[in-house]
Amino acid sequence: MIPTCIISYSIKKLYIVNIPQNVNMKIIAHRGASMEAPENTLPAFKRAIELGSDYIECDIRLTKDKVPIVFHDDKINETLISELTFEEVKGQNKNIPTLEELLSLKFNKTGLMIEIKKIDPLSDVEIIYDMVNKKKFPPDFYLGSIEIDIATYLHQLDPELPLIGIVELEEQLDEFLKLNPQVLAFHYPLLDPKRIASLQAKKIKVWAWTIDDPHFEMEGLDGIITNNVAHFLQTRSPESDAH
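A. Molecular detail of the overall build of the chain. The secondary structure content of the chain amounts to 8 helices and 13 strands. Per-residue burial for the chain yields a buried fraction of 50% across its 243 residues. Within the chain, contacts between residues separated by at least 24 positions form 54% of all contacts whose residues are at least 6 apart in sequence.

B. Seen up close, the nonpolar core. Residues Leu102, Leu112, Leu143, Leu154 and Phe186 are the most contacted members of the largest nonpolar core, which totals 54 residues. With 5 residues, helix H4 (residues 125–134) is the largest single contributor of residues to this core. The next biggest cluster of nonpolar side chains, apart from the first, holds 12 residues, and it includes Ile166, Val183, Trp209 and Ile225.

C. The packing of aromatic side chains, seen in detail. Under the definition given, this model contains 3 aromatic pairs. Between the aromatic rings of Tyr55 and Trp207, the centroid separation amounts to 5.1 Å while the plane-to-plane angle is 50 degrees, which identifies the pairing as tilted. Of the two residues, Tyr55 sits in strand S4 (residues 55–62) while Trp207 sits in strand S12 (residues 205–209), which places them 152 residues apart along the sequence. Side by side, Tyr55 and Trp207 carry an identical accessibility label, which is buried. Here the aromatic rings of Tyr142 and Trp207 are separated by 5.6 Å at their centres, their planes lie at 90 degrees, and the arrangement is edge-to-face.

D. Highlighting the pattern of salt bridges. Counted under the stated rule, the structure contains 9 salt bridges. In this structure, Arg47 engages Glu50 in a salt bridge whose closest nitrogen and oxygen atoms are separated by 3.3 Å. Separated by 3 residues within a single helix, Arg47 and Glu50 lie in helix H1 (residues 42–51), roughly one turn from each other. For Arg47, a relative accessible area of 29% gives the class partly exposed.

E. Expanded view of the pairing of strand S8 (residues 111–116). When you tally the buried positions in S8, you get 6 out of 6 residues, the bulk of the element. By the alternation rule, side chains of S8 split into Gly111, Met113 and Glu115 and Leu112, Ile114 and Ile116, which are all buried. Here S4 runs beside S8; their pairing, made up of 6 bridges, is parallel. Counterpart to Cys58 in the pairing with S8 is Ile114.

F. Representation of the environment of Val67. Relative to the helices and strands, Val67 resides in the loop between S4 and strand S5 (68–70). In this structure, the C-alpha to C-alpha distance between Val67 and Thr85, residues 18 residues apart in sequence, is 8.0 Å. Apart from the residues within four sequence positions on either side, Val67 is in contact with Arg61, Leu62, Phe86 and Thr98.

About the criteria used
- Residues numbered from 1 in each chain as written.
- Predicted model: local features only at pLDDT ≥ 70, side-chain atom pairs only at ≥ 80, totals over all residues.
- Heavy atoms only, no water.
- Helix = DSSP H or I, 4+ residues; strand = E, 2+ residues; numbered from the N terminus.
- Buried < 20%, exposed > 50% of the residue type's maximum accessible area, 1.4 Å probe, protein only.
- Contact = heavy atoms within 4.5 Å.
- Core = buried A, V, L, I, M, F, W, Y, C linked by side-chain atoms within 4.5 Å.
- Phe/Tyr/Trp six-rings, centres within 6.5 Å; stacked < 30°, edge-to-face > 60°.
- Salt bridge = Lys/Arg side-chain N within 4 Å of Asp/Glu carboxyl O.
- Pairing = 2+ DSSP bridges.

Bear in mind that shape data such as this cannot, by itself, settle questions of function.
This is the structure we're talking about:
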């Protein structure tokens, strides 16, 4: 199979990534279409939907008054999100949306990957779980975390939940496998063709994040999490557009 060369741009660097032709990989918009709008904002999510992303990836944290918001970092202006009320958060950054606002968007065919960031107490995970269930979000979504304790709590809460484990370190993998996740999203240096094939044999989909290595080979992957959504969608075979 002859690879197609894709040139993708970030703010600081130029990356060249090889992707095989006609591969039915899902394209996951990292924090929305974050090269075209501020990350983890409603404009970024709306743009990702307009582009036809297969999924949107987002990060969820809880404020002091237990409002789920879409925000990656644990602090805003040097203050922990968990120590600020939602009103205080909005006072510092009015563009931070709530999870409820995100779930209220018209997703069309785009799915959603929800990453729950560190939460204390752990039982507050149920606030996010309940909100997703209350909204009756279409079945094409995944809920999970990079934190083993959060992923474990979700699995115990609902063994049928479409669970995604986000693997950053080698030692996390065995713990995630115990939870029978539908998807494992790996920091890409942890992946190789043998591991991808082994996990797929267990009926686990394999995604990689965030693609920025010019020598990275993606053949065999089920999905990539990327900031460069438009470029990857433009180079994908039309036959892979259906979910």
